[in-house]
Every structure is written in C-alpha cells, then in structure tokens.
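# What the coordinates show
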Amino acid sequence: MSAIQSTMLLSPSAKSMCSSNINPMLVSNPLVSSSIDEKSQKDITEILNKCIENTRNLTEFSKVLQIDNINAPTISGHMDFYYPNLSFQFSHYQQELPEISKIKHVPIPCELLEQFSRIQINCAMGLFTCISRAWLTIDNLIFFWNYEDGSDICFYDNMFEPIVAVDLFVPKERTFDEGVEYGLCLATNSQVALLSVDFIRYTKGNGAIVNEMRFSPQPVYSIPTDNLIINCLKSAKGTGRIFMGAKDGSLYEFFYQNQTGWFSSQTKKINLSHSKFHYLVPSFLSFNEADSIIQVEIDETRNILYTRSENSTIQVFYLGPNGTDTSKIGSLSCNSIAAKAANLIHSNDKHLFMPIVHISAIKQCESKNINLVAVTQFGIRLYFSVSPFEQFEHIVSPDQAPPSTFQLVHVRIPPIELSSHNRNGPVGSAYINDGISLMMTRRDEQNDTVLVLNRDLFLLHNNYKESKCIFNIDGRIWNCEEIEPTLNSVRTASLENENLQTIKSATGIENIPKLSSEYFDMPRRFAMITPQGCFIWNKMRPIDQLTICLRESNGPNSDSVRLFFNKIYEKSEACALCLAVALNYSGDARLFEWATQAYFMYSGEPEIRKKSSYTFGSSHNPITQSQSNQPYNPQNSLIDTGLEQNENSIYDVTMINRVQPKTALNSVSILNSPQQMSTPIVMRTKDNFQGQNRAYRSQQNTNQPAQSIGNVQQQKNECEIHFSGKHNAIYIYLSRLLCPIWDLKLLNELPGSQVQDSDTFSMTDSIIFATFADIHIQWFLNKLNELRSFIELNYPQLKTVQHSHVTGSLFGFIDHVQQTTSGTRVTSAPKFATQFQSLALNQQALNNLTSSGVPLTEKKIAEEIELGSIYLIKQFLNRIIEIFGLWKILDDHKFHFISTKLDRQTQLMLMNMQIKNFLVCDDNLLDQLITALLYRYIDDNACTDLLNQSLKQMCPSLYTNENAIFSKACEKLKQALNIKNDSYERDRLLKEAVDLVKQIGYVANLSQVCEMLYTAGCYEAIFELCITAAEKRDPQNIALYFYRKNEPAEDIQGQHYYQLRVECYKSMLDCLNNLIKTPSYSLAQQKNTYISSKEKLDEEINYLIRYVINSKDELAQVSLFTWMISNGFEKKLVTLDSTFLEFYLIRQFENHLKNRIYLDLLWRHYDFKKDYIKASKVLITLAEKESGTPISLRERVEYLTQAIVALNSSQKSSVKDEIAELNDRKDVALLQEKIFDELAKIEPRSELIQEAMDQLDSKLYDITKLFYDFAEKFELFQFKLAIFKMSRHEDPRFIEICWKQIVANEIDKLSRPDLKSSDLKHELAENLITIAKDYVDDEKYFPLNSLIDSLEFASLARGFEPEWCCTLLRRLNLPFEQLIQAYNEVYLGKDVKWAENSSRFINTIYCLIELFTKAPRATSETDKVFFLRSVKDLIPKYLTELNTINDDLSKELITGFKSLNCMLDRM
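Calculation criteria
Each chain has its residues counted from 1, running along the sequence as written. For this predicted model, a pLDDT threshold of at least 70 governs which residues receive local features, and a threshold of 80 or more governs which side-chain atom pairs are given and counted, while totals over whole chains, interfaces and linings are taken from all residues. Hydrogens and water molecules were not included; the side-chain quantities draw on all heavy atoms of the structure. We call a residue buried when its accessible area falls under 20% of the maximum for its residue type, exposed when it is over 50%, and partly exposed in between, using a 1.4 Å probe and counting protein chains only. Working definition: helices are DSSP H or I runs of at least four residues, strands are E runs of at least two. Numbering for both runs from the N terminus. Between any two strands, pairing holds if DSSP finds at least two bridges. Stacked, tilted and edge-to-face are the three classes assigned to paired rings of Phe, Tyr and Trp, where Trp is represented by its six-membered ring and a pair needs centres within 6.5 Å; plane angles under 30 degrees give stacked, over 60 edge-to-face, the rest tilted. Helices are assigned an expected span. That span is 1.5 Å times one less than the residue count. The arc in question is the one traced by the directions running from the helix axis out to the C-beta atoms. Contact between two residues is taken to exist if any of their heavy atoms lie within 4.5 Å; hydrogens are not considered. Angles here are taken between N-to-C directions and fall from 0 to 180 degrees, while the axes themselves are lines fitted to C-alpha atoms, restricted in helices to the stretch in contact. Only buried residues count toward a nonpolar core. Its members are Ala, Val, Leu, Ile, Met, Phe, Trp, Tyr and Cys residues joined through side-chain atoms within 4.5 Å. Angular relationships are summarised with four words: roughly parallel below 35 degrees, roughly antiparallel beyond 145, roughly perpendicular across 65 to 115, and oblique for the angles in between. A clockwise turn of the near helix away from the far one marks a right-handed crossing, whereas an anticlockwise turn of less than a right angle marks a left-handed crossing. Note that Gly is not counted as nonpolar here; it falls among the polar residues with everything else outside the nonpolar set of Ala, Val, Leu, Ile, Met, Phe, Trp, Tyr, Cys and Pro and the charged set of Asp, Glu, Lys and Arg. Note on definitions: salt bridges are taken to be side-chain nitrogens of Lys or Arg within 4 Å of carboxyl oxygens of Asp or Glu. Looking at any residue, its pLDDT shows the predictor's confidence there, from 0 to 100.

Turning our attention to the pairing of strand E7 (residues 141-146). Counting buried residues along E7, five of its six residues qualify, which places the element largely inside the surrounding structure. Across six bridges, strand E6 (residues 133-138) lies against E7 in antiparallel orientation. Its bridge partner being in E7, arginine 133 is matched across the sheet by asparagine 146. The antiparallel hairpin formed by E6 and E7 contains two residues in its connecting segment, where aspartate 139 sits at a positive phi of about 60°.

Now the structure itself:
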C-alpha cells in the first residue's frame, strides 16, 4: 500500500492532497517553451492538416474522367497524351520506366502434374490469395497447394460428380463451428455443397512454420441443383451470402442457416432474378432465350451486385443498406452498350465494343460516382454509374445513395500497343482494381501476353493518364488475382520479422491512403495461374521505380531521374519521392547519397518574385472564381511557378488554355495542395511592424470589388517568397507518414471493466480504464528520427539560423522568458516565416536590405527565409519525436494503470483526444502524464533512476534536469514517510528533500511535494518552500507592482507573474485548510506528529500565521488575509500586527463591489489598535454610504451607535461637535426605523409600500426626505408630528390636524368585528398614551384642548364611559388644574357637535372632579389649592347650565355636583 495513502492524515480533507489524481510535476518547462513558439506550431499544424487532407482526398475519379454529370458521357485514351511515353535514353538505347518486378515462377507440384492425364470431363484452376492457396479441379477432385512455394498439398474427393464451380467464402455468424474462418463452396451438376475450412499451424523439425489446410469430411450444408447448371459462384465477405450464376440466365442465392423452424429449413435455393409469383406464368409465354450468367461481381462498399451474361448483358442488383436484401435495379444489353459507346466516338462499328469479357466493381474509396468498369475483347474499358453524381466534396454512405439507374458514362480507348498484340487473339480475360488494369491476350496457342495499365504515377493529375507495360507469360492464364494479405497476417508477419513492418502493420489500419501506402507499404503483388505454374510479380511503386533508376544510372544525373522532375511530378512531389528513397534505403550508403543528391539537384531554389496586382477576395478576380475550389493540378503548378514547359512534357495542351495568370491568392498554394508553397514577406521594424501587419490583414479581408489606385500601386511594389521543392518535400513526406493515424483516437476504452487499484485494493468504477490505440509506436519513432537525421545531416547551417539578422529584420524578434535558478532570463530569437503568414514585402524595403552594409542579394534573402522555415519544421519534428517517445514509454509501462493516477477531467479529455491533438498538445498535459508515470513508480516503492534515464533520453526537453531533481526529492520524501522509529534519519531525509525542491522552486509543482510534507508533519517547511519558490519565480517583484496598480488587464506580464505567485501560496493555504478541518477525535490517533490536542493544533496554526506575517512577502500576507476571511478567522485577522493589512482591506473593499465585510474588519482593526478616530470614520462610512453588500437599517443604526462610542473612547475634546452631530444623525435614523416598522404593519402590502420599505432599508435619509417621500406620501401623521417636533417647526393648525388624524387612525386600526368594546377602549387608550408620552411635556406639539375635543367625541361615538378620556389624560400625569381648565375651555367653545350633548360633556367634567376627590393625595398641595378654587368657581356655572337642560342625566348631575361641592368644601 502506498505510504502516502496509508499514513494517517490529520483530517479526511487532507486525503485529497495525497490522492491518486495528481497534477503535473513541473509548472513550466523552459526548454520546451523556447523550442518552437505557439504561433509557428499552429501554422505548421495547419499546413500538415492541409497536406494530409490532400493525401487522403485525391481528385474524384469522375472528375479525372472529365464527367460533369451522369447524362454527359466522355471519352479518353484516344490520344498519346493519355498514355505518356516514359522512355529514356540509357546506354545508347531507349528504355521504358520499369513497371513490374522480376517475375517469380512457382511450378505446379509434380504430384499434381500427373493428374492432368486423368481428365475425363472438366478441369479448372484458380487462386484464393486470402489463404495463399491455388486450386485445381479435375472432374470430381479438387486440389489445393501453397502457390508461394508449392507446399502443403491437400485435396477433397467426397464429391461424386465433376466440380463445375468453386468459391471460398466467409461464413455467416453462428452457421459453422466456432473457430472456422472460411468455408468452401463446390458446385456440381446435381448439388451445391458447403465445406468448412480450417488451418492447423505447426512447426517442422527444420523450424519451418506450416499452415496445414483441412476440410470437413462431409458437407456442412448442401442443396440440390434441380437440373440447374451453375456457371459461377460469388460470396459476400461481409454477410456470408453465396450467389450463383446459372445457365438459365438467373441469379440464385444459396441460403443457409444453422437452425430449422416450422416454416423454414436449413438450406434453400432462392431465385433472385424472378418475382415470387413467376411460377404462375406458363413457360410457353416466355419468349426470351436463356442468357447464361458467367460472372458475378459484388461491390461490398455499396452493397451492389453485378452480373455478366454470355451475351454480354450486365444486370445490377441492390442488396439493401445492410447487404441482406436483394432488388433488381436494371440491366443493359450488349447492343445498347455498344450503340451508345459507338455514338460517343462517332463510329458506326458497334462490334468494337462487343463482346464484354470482364466486369469489375469500383469501390467507393476509389470513386464516389463511378461504380463499374467493363472490358471488351478489344481492350476498351467502359465505365458505368448507377446513381446521379454527388457533389465531389460530399461523401455519401451506401445507405444514403441506393442505386437508381444504370448508365454508361465513359469510354476508355486502349493504347496502340494492345492493338499490335491483338493479332493473335483478342483480350480473353482481365483484372481491374484500385487504379491498375491487367488485360490478358493470346500470344500464341500456348502462351499469353499481359498488358499492365497503371495510373499510380499520375494520381496527382487531373487527367486520366496511365503508364503501360507489356510482358509475356508462359502458358494460358486461367486466373489472375491480387495478393492482398489480411491485416492479421501482415501484423503477424511483422512480429516474426521486424523488417516486414509496414505502415499497415504499424497502424493496424486496413485502408491506408494510397499516397501514404506508396511510401511506406509493401508493393502490390499479383499472382497468375497457368498450367505451367504460378507466376508472382510486384507492381512497382514510384519509389521503387526511382530507386531502380538511381541504381542503374549510378547516380542522379540521368534522363531517367530527370523524368520524375520534368514529366511525371512537380518538383515538390519529386523531391518528396527522393526523400522517401533516401530514408527507406538509409542503410545503403550509395543509394542514400544518390537520392540526396537528386533531392538537392533538381529541387530548384527559393526566390522572391513580384507580387500580382490582384486583390485578395476581389469579386472580379478570375482565379478566385475559377480555381479557388479546384483540386491540385500539376500543370497548373508548372505554369504558376513560371517554369517553361519541356518539349517532351506530357501535360494536356487543351488544359493549358484554362490556366489564368498567377494571383496573390494562389501564391500560398498550400491552401489547395502541398506541392507548391510560397510566403509573402514584409520588412518588420519597431515602427512599422504592427501597422503594416494590420493594414495588410485588413486588405486581405476586404470584399469590395474596387480598390484605390494607391493600393494597387502599392501591391505592384510588393514581393513574395516562393519556397523550393526540397523545402515543401519535408511537409509532404511528414504528412504521408502521419496521415493514417492523424485522426485516430488516442485511447481505446475497455468497456465494462472495473479497475482494481493495486495501492488501495478497492474496486473503482469511476476510473476510466483505457489503453493506447493499437499502433506500433517504435516504427513511427524510427521514421521520424530518420527524417530528423536527414535534416540535421544535410542542413548543418540550421545551427546558426537563430542568429540570422535577415529573418529578424524581416519578421521581427520574439522574446523567450526562461526561468532559471538565478531568476528570470529573457532571450530574443528571430521570427521565421511559415506558409500561413501572409506578409507583404515592399520592394523599396527589400532594396534597402540588399543595399545595406552586409552584401545580400535577393537570392540570399530567399535562402535565409527558407532556412528559417526548415528550422521551424525541425523544431516541430523534435517536439513530436519526443511526444512519440513519451507515448512509447507510457505504453511500455501499461498506461491503463498509469491513467488511474490522472484526474477524471484529464482522463475524459484523453479519451476524446485524437492523435493529431496529442502530438501538438500543450506542455501541461504532457507534464501530467510524466508525473502520473513517476508517481506510479514512487507509489510502488520502485527506484526511478532507470525511468529518469529513459525519460531524459527519449524526451529531453519534456523531462529536464528539474524533473529529475523533483522525482529524487519525492523519493526521499517517500523514504522519510516509511521510517517510523528513527526520527534523526527521517528528519535528515525530509530536510534533503526540501532543499532539493527549493533548488527548482521556480518550476516545481509545489502542490505535490507539499502534500507529502504535510503528511510528514513538516508544516513550517511547506511555508518556507512556498515563499522561497514565489521569490524565485518573481525575483523582480513584478507581481507586487501589478497588485499595487490594481491588476490592470493590459499588463500581461504582471498578470503572469502574479499568477505564478498565487500558485505558490496555494500550497501553504491548502496546508492550513487541512489543519483547521482536522476533527478533534483524530488528534489522539496521530503517531507521526507532535500535534496531539486541539490546543496544540491551534498553537501550530497561529505559529504558521505569524510565520507569514513576519516575512517580507506582501503578496503572501495578502493571500493569508484572504484565506483567514474565507475560513472564519476574522477575529484573529483584526489583531494581526501587519503593515499591509490596512491597505489590503481598503483595496478589497474598493475592488469587490464595496463589500462591507472588509470595512467591518477595518474598523475592528483600528479599534484593536486604539485608533478610535479612524474607526469612527469607517463606521460612519458603513452607516451612511452605499455598499455592494446589503446593510439593513437596523445595522446602520448600530454602526452610528458604535461610531459614537468610538469617539467617546478617544477622550478628545475636539470631537464633541462630531459626537453631537452623530447623535442627531442617530435620532433621524431611529425615526426612519420607526417609519419602516410602521409601513411593515400595513396589510395588505402593496408594491408601492414594499418599494418604500426597500428604500428605507437601503440607506439613511435626511429629515426632509423622510417627511415628503414617506410620512407625507403614506399619510403617516404620527411621524409627521414627530418630524415637526424633531425639526422644531411650529404650525399649530397642522399639529392639531395631525392629532385628530392620529386619534382617528388609531380608532380605525381597532375597528374590528371580533374586538369587544371593553377591549377596544383599553387598547385605544394604551396606544394613545404610547404616542402622547413623547409630546406631553411640550405643549406646542401637544394641543390639549383639541385632543380633549377629539377624544371626548370619540368616546361619545363609541359609547365609552364618561370618565374614559379624563382617566387616559390623567395617566399622562397632566395636573388636575390643567385638565379642568382645558375641559372648561372646550365646553365654553360651544362647538356645534356638543350642542345636543352638553350634559354628556358636563358629565365628563363631573367625572374628572370626582376622580380628584378619590385620589387627592396624588396632587401637590399647591395644585390642590388652585384646583379647588377653580372647581368652586365652575360648579355653580355648570349647575346653571344643567338647570336649563331638561333630561334625566342633567337631574342626576345636579345632585352629583351638589354632593361634590359639599365634599370639596370639606377638603
């Protein structure tokens, strides 16, 4: 178990620091960052993408045939132009370019020769190249043998009738025994039988490996023919269906399955040519003679089947999108085909096109529009299509384009050589596949001649040109097949013999692009079977042909070599071919030297040319309109490059008229093809670099049809660089090499697998368990290293190209920031041109450069620019070689285990990544992979020395000395963690590890080492390491300047260094995070740390905080401050004695949307430092200023209170006025709070009220705002009155109105049906008393008379007791004397509302007097005397009034007053 994972950590959260998901070992790699800049890498990648696209997407074959649509057939081959003369002068005679290798003849085994003498009825021969076997039928016997060496002879003799047809097929699933790969179909006149075929592999005594072929003793399936004669058999590999062409002209299917049902049998014969009801039609009604089917061909890429009859009728059947159905599409008779073909060539002789001797399906990868080719007896090839043409740029899958027609679209006339050989007989048979056509004609009665037509040399041409070759074969050819080994056999052979490794076996891809296959795959092999034996030969690739020419000519200076540069290829492609020869035969010193000489001799030189006056994107540009979307045409390149045509040129004269003058757009022709590349260049100086570049880019992007005369004149003065063929050849070769794997997925996930981690012994379902794509990485490494060695050997001047002043003057310089142990080092290197840089060079600027003190010519400048571009290619090559090397190391160390060390996001990214993205990925991902690999070793307690050595050897710039130091430090940390008893040794190893990491702190990934230091309990070491690393990464304190300037976005450099420091501080903060999250119960369980209690843990945290505060690193302290705020250490923060804390809190408040938390901390910090004046200012700011964080009204009141307390604590006399002002502010704020509370009581609450409440709760308002915007607006009379009193504003009339409204509002609030009258008068009294207490002492704001009038009338209206009002007023401590005077004044006022209720009002006065008599001691003696005098004077008046009123109450009051008068007299 990993020591890191097994060690008891301080908290569960600490486990995340030591999990298996790790980060890159180093945060930056100075060597990699300086090797190739990101812009150049991106440009080169785009060039490779375009080259690879051109490698894959050759010109559509229908376009090569010049066919625009299915209804416009064309003709070719009628001129010598279509069959170029590739002869050359060699040793006083003309010699043709070799097309085939030496023919290997393997005679028929002697054991079989004697069988020919036993022929009675039938004999046939053929080849099954997929199993490397030839076969021979003699009557009812069939023999097989290995045609490569005549070995492994076997036979089958259980057929009782002569065998008339044979085919090898791939069985349907679950129809044969498991492990049976092939089946053999044998047809006789009475039955068709299916046998199983398997192979027994064993080794002979001499070491030879034998694959012995065996058959099932009896047929597995069979059907009777029912007197049907089978002419031919054909099986579909994908579905296992077996088709039979019969003599009756029908197509049949041998249907077989492994089970029988109620309504189905195991086997049956199905007629596919007739409908299900054809048996209902009497036979005498059929007037068509039987046309025997003699050939069946299947296009399995489109699921289309074709048949050829004895009378040359061709039928088309569609097998459905899955290949399991059958429907007839149509047919063409020989007469109709011949008539249309004759009409096309304006001939009346239809017999030229009759009969058809062979048909061959054209696979979808060969052409999307052409489907079938037929060969006539005169060698004329007829091309057919079964569906309307699709656009060339779209790829249509078979299920999207089912066949709908069948038409002749092209006629190909054979070369004249075929006619000269037809004297002894017409074409008897043919073979056509993937661009090669073989036609067998009779040389004499016993022997044949073979014509080979091949377009491999002309794949990049837009016309259908073919090379030709004629050779003789001994015997009559029975069958011709291409030997196409299966992918499994190829990979098996490469495992047994490394020399047989090809791009197909290295990639595991069946269909390699043809241009890549020609460079890196084996030559195509063909076998022909005759009675004299088997003849095997190779079709030479262009690379083989060039090799032979170099060897036969003893060097490159020959017509045969020049043929490739002058007639066949454009210079770039021919140079790429020379490069391929040199690298493929690097072991042959002479051949390597000759190919290299040809590479340089005929490649041409880079040159600077005048730029065309055409405008980029101009709508009237003829080239833009006619050629922008055209595929590559070598003749166009020939003319565009300004080269003169050779008099022996093979390019079509009719096409030259279409070529327009070269434009600036076509100068960067890599956009259309890799064969020609050019780069416009510009003089870049400090003054004009950016301006010229922007102006040029804007000129490129314009879409206006017209330009100013000045711009046109300026373009006429501009030049551009055209690279040589040898420069472009490197791109072509590299693209051909990487093309097959470029778009492959990097990883293959193993579905449904659970990963058992060897460290934790637990099943982890969430981890992706994947392996690399099945690619032979070493083969690609070897090829890439060969290319790099070639460049280094032949371009020694690349070592000094970085000091070139020419490229620096033209393209400027680029600064490389490099971190070293001594700090940051900035170096400058010139920029180099790539094909995707559209830069203009003014002719005057060029003249200035050439006329400078250094003797420079335009040729020298062009060479320097090209050399710079090759330098970039080499740097790019270095990088991908190292990535391949890392890829191989990861693959060798079982990446599916290493991947478990990566985080989930990286795993998913890798799972979705293509190889092309991996080869140009950033350093971060590569560092993660290297780190995962190293930690896999470290976790397994394995020594990393050998791994370090491998990494430094395979990828020296990805894995540097810093990486090695870091891995060594990790080893020492791991060793220290495993030591339990020897504390001295443990501390020594820990110290050494920390010292090692401090050496590389400028690049080390601190999080990894800090995780282990944390586990070891070395907390102070973590902080020391992080602060030291931050200083080394930013020795000039650029990050601090960036911080103090408020982090301007335009300061990219400052932002970079600031981020570097932040990453350093993160590790020490992670340490604190894990310490504070440590549960108390786990402290007692700690055995490897000194922290054993909560108190000691707190002491350790405080010590680490002080360690940072005592350092001089301001940014470290800033990071600590932020951490403390985020983790609830605010109380501790405000007590820190740091000179940076005040600036930090102020800055954070300003930059974080004025978050009040920072001002809260700031005033507490001032308060702790006893700086009360500053504390009060911050508190006032909090109370009165707006904040990004909401502050409630109640909190603002609290802040004002705290500010007053702070000012009082300062004990300075100068702040008395401020204190008084703050008290006034507080009173207004309290009033605002009351208004807020009053609005909150209103139900239902409208939007207007809610908005007002939000406004009141958001900030403090002055008293005027409170009056008009809230009290007046919402008719809050109580608060109007309060505002009047607070502002000392006097308006008696308004004050009386306020009180009347207050009384009315209070009554309305209590007017509820559920409220009893007793409760109503009680609550009303309490509410009014609460309100009146604030005003009773100031008669200006307490109009007693008006209030008595309002209250008494309310009491009367509500039926309260007469004494209710006077009792309420008495509770306000109003003197009896004041009350009796006020009541009397109100009564004397004779208000109209009391006219009918005078006795009721007098009754209230009676109650007031009676209340006095009941509690006389509640009044002072002086007030008592005044009250008695007043009452004595008033009682007679009230008696007089009562006598005038005639009601019962008045009578009672008269009695009462008299009694009171007596009582008062006694008092």
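To continue, consider the packing of aromatic side chains. As enumerated under the stated definition, the model contains 46 aromatic pairs in all. Aromatic side chains phenylalanine 143 and phenylalanine 155 sit 6.0 Å apart centroid to centroid with 40° between the ring planes, which places their arrangement in the tilted category. Of this pair, phenylalanine 143 sits in strand E7 while phenylalanine 155 is found in strand E8 (residues 154-156), placing the two residues twelve residues apart along the sequence. Their ring planes at 85° and their centres at 5.3 Å tell us that tyrosine 599 and phenylalanine 790 sit as a pair that is edge-to-face. Residue tyrosine 599 is found in helix H14 (residues 589-601), and its partner phenylalanine 790 is found in helix H22 (residues 777-794); the two are separated by 191 residues along the sequence. Here tyrosine 599 falls in the buried class, since its relative accessible area comes to 0%. Counting every residue linked through ring pairs, the aromatic cluster contains Tyr519, Phe520, Tyr733, Trp779, Phe780, Phe884, Trp887 and Phe918.

On to helix H50 (residues 1317-1332), then. With 16 residues, H50 extends 22 Å from end C-alpha to end C-alpha; this agrees with the ideal 22 Å at 1.5 Å per step. Looking at H50, one finds that the buried residues are Leu1320, Lys1321, Leu1324, Ala1325, Leu1328, Ile1329, Ile1331 and Ala1332. Mapping the buried residues of H50 onto a view down its axis gives an arc of 160°, with all of them on the same face. Against helix H48 (1277-1287), helix H49 (1292-1309), helix H51 (1344-1358) and helix H52 (1363-1370) lie the buried residues of H50.

Within the fold, lysine 1174 resides in helix H43 (residues 1172-1184). The class of lysine 1174 is partly exposed, set by a relative accessible area of 37%. Expressed as a C-alpha distance, the spacing of lysine 1174 and alanine 1206, which sit 32 residues apart in the sequence, is 9.2 Å. Among residues more than four places away in sequence, those in contact with lysine 1174 are Glu1142 and Tyr1166.

A few words now on H14. Its 13 residues give H14 an end-to-end C-alpha distance of 18 Å, which sits within 8% of 18 Å, the value for a rise of 1.5 Å per residue. Those residues of H14 that fall on the buried side of the exposure criterion are Leu591, Phe592, Trp594, Ala595, Thr596, Ala598 and Tyr599. On its buried face, H14 sits against helix H11 (542-553), helix H12 (559-568), helix H13 (571-584), helix H21 (725-742) and H22.

Further remarks concern unusual backbone geometry. Each neighbour pair has its own omega, and for methionine 354 with proline 355 the value is -15°, a cis peptide bond. Its location among the elements puts proline 355 in the loop between helix H6 (334-344) and strand E22 (356-361). Glutamate 1243 connects to proline 1244 through a cis peptide bond whose omega is -5°. Take proline 1244: it is sitting in the loop between helix H45 (1216-1240) and helix H46 (1247-1258).

This paragraph deals with the sheet that holds strand E23 (residues 372-376). Taken together, the five strands give an open sheet; going across it, the order is E1-E25-E24-E23-E22, and neighbouring strands pair in mixed fashion. Looking at strand neighbours, the two that pair on one side only are strand E1 (74-76) and E22, the edges of this open sheet. Strand-to-strand, the axes of this sheet are offset by a mean angle of 25°, without reference to chain direction. One ladder, built from five bridges, connects strand E24 (residues 381-385) with strand E25 (residues 407-412); its direction is antiparallel. Each bridged residue has a counterpart across the sheet, and for tyrosine 383 the counterpart in E25 is histidine 410.

Here the focus is the sheet that holds strand E20 (residues 314-318). Strand order in the open sheet formed by four strands is E18-E19-E20-E21, and the pairing between neighbours is antiparallel. Of all strands in the sheet, those bounded by a partner on one side alone are strand E18 (293-299) and strand E21 (327-332). With strand direction ignored, the average angle separating the axes of adjacent strands in the sheet is 20°. Sheet topology note: the E20/E21 ladder contains five bridges and is antiparallel. For glutamine 315, the partnering residue across the bridge sits in E21 and is serine 331.

On to the environment of glutamate 111, then. Tracing the sequence through the fold places glutamate 111 in helix H5 (residues 110-113). The spatial distance from the C-alpha of glutamate 111 to the C-alpha of isoleucine 153 is 8.7 Å, given a sequence separation of 42 residues.

Before going further, it helps to spend a moment on the nonpolar core. Grouped together as the largest cluster of nonpolar side chains are 181 residues, with contacts concentrated most on Met1068, Trp1299, Phe1342, Leu1369 and Phe1457. At ten residues, the largest contribution of residues to this core is made by helix H36 (residues 1052-1076). Among residues more than four places away in sequence, those in contact with methionine 1068 are Ile1022, Phe1023, Cys1026, Ile1027, Val1108 and Ala1116. Listed in part, the 108 residues of the second largest apolar core include Ala506, Cys739, Tyr795 and Ile870.

Packed helices, taken two at a time, are described by the angle their axes make and the gap between the axes. Contact geometry for helix H42 (residues 1156-1168) and H43: axes closest at 8 Å, N-to-C directions at 160°. As judged from the angle between their axes, H42 and H43 are roughly antiparallel. Considering only the axes of H42 and H43, their crossing is left-handed. Together, Arg1156, Leu1159, Asp1160, Leu1162, Trp1163, Tyr1166 and Asp1167 of H42 and Tyr1172, Lys1174, Ala1175, Val1178, Leu1179, Thr1181 and Leu1182 of H43 make up the contact between the two elements. The residue inventory of the contact of H42 with H43, partitioned by class, reads nine nonpolar, one polar and four charged.

In this section: the side chain of threonine 376. Considering the arrangement of structural elements, one finds threonine 376 in strand E23. For threonine 376, the contacting residues outside a window of four places in its chain are Leu352, Phe353, Pro355, Ile356, Val357, Leu382 and Val427.

So, about the pattern of salt bridges. Across all of its chains, the model carries 50 salt bridges by this definition. Measuring nitrogen to oxygen at the nearest pair gives 3.7 Å for the salt bridge that ties glutamate 60 to lysine 368. Here lysine 368 lies in the loop between E22 and E23 and glutamate 60 lies in the loop between helix H3 (38-56) and helix H4 (61-64), a separation of 308 residues in the sequence. Taking the relative accessible area as the measure of exposure, glutamate 60 reaches 7% and is therefore buried. With a shortest N-O distance of 2.9 Å, arginine 562 and aspartate 559 are connected by a salt bridge. In this pair, arginine 562 and aspartate 559 are both assigned in helix H12, three residues apart and thus about one turn of the helix distant. By sharing partners, the salt bridges in this structure join Arg56, Asp743 and Lys916 into a single network.

As a further point, take the packing of helix H44 (residues 1193-1210) against H45. One can describe the packing of H44 onto H45 by two numbers: an axis separation of 10 Å at closest approach and a directional angle of 165°. The orientation of H44 relative to H45 falls into the category roughly antiparallel. In this structure, H44 crosses over H45, and the sense of that crossing is left-handed. Mapping the contact onto sequence places Leu1193, Arg1194, Val1197, Leu1200, Thr1201, Ala1203, Ile1204, Leu1207 and Asn1208 in H44 and Glu1218, Ile1219, Leu1222, Asn1223, Arg1225, Lys1226, Ala1229, Leu1230, Gln1232, Glu1233, Phe1236 and Asp1237 in H45. In terms of residue class, the contact of H44 with H45 is made up of eleven nonpolar, four polar and six charged.

Time to look at the confidence of the model for the protein chain. The pLDDT averaged across the protein chain works out to 78; a share of 79% of its residues lies at or above 70. Within the model, pLDDT remains below 50 along residues 1-23, and this stretch shows 72 contacts once partners closer than five positions in the same chain are excluded. Across residues 613-716, where pLDDT falls below 50, the model places 226 contacts with residues more than four positions away in sequence or in other chains.

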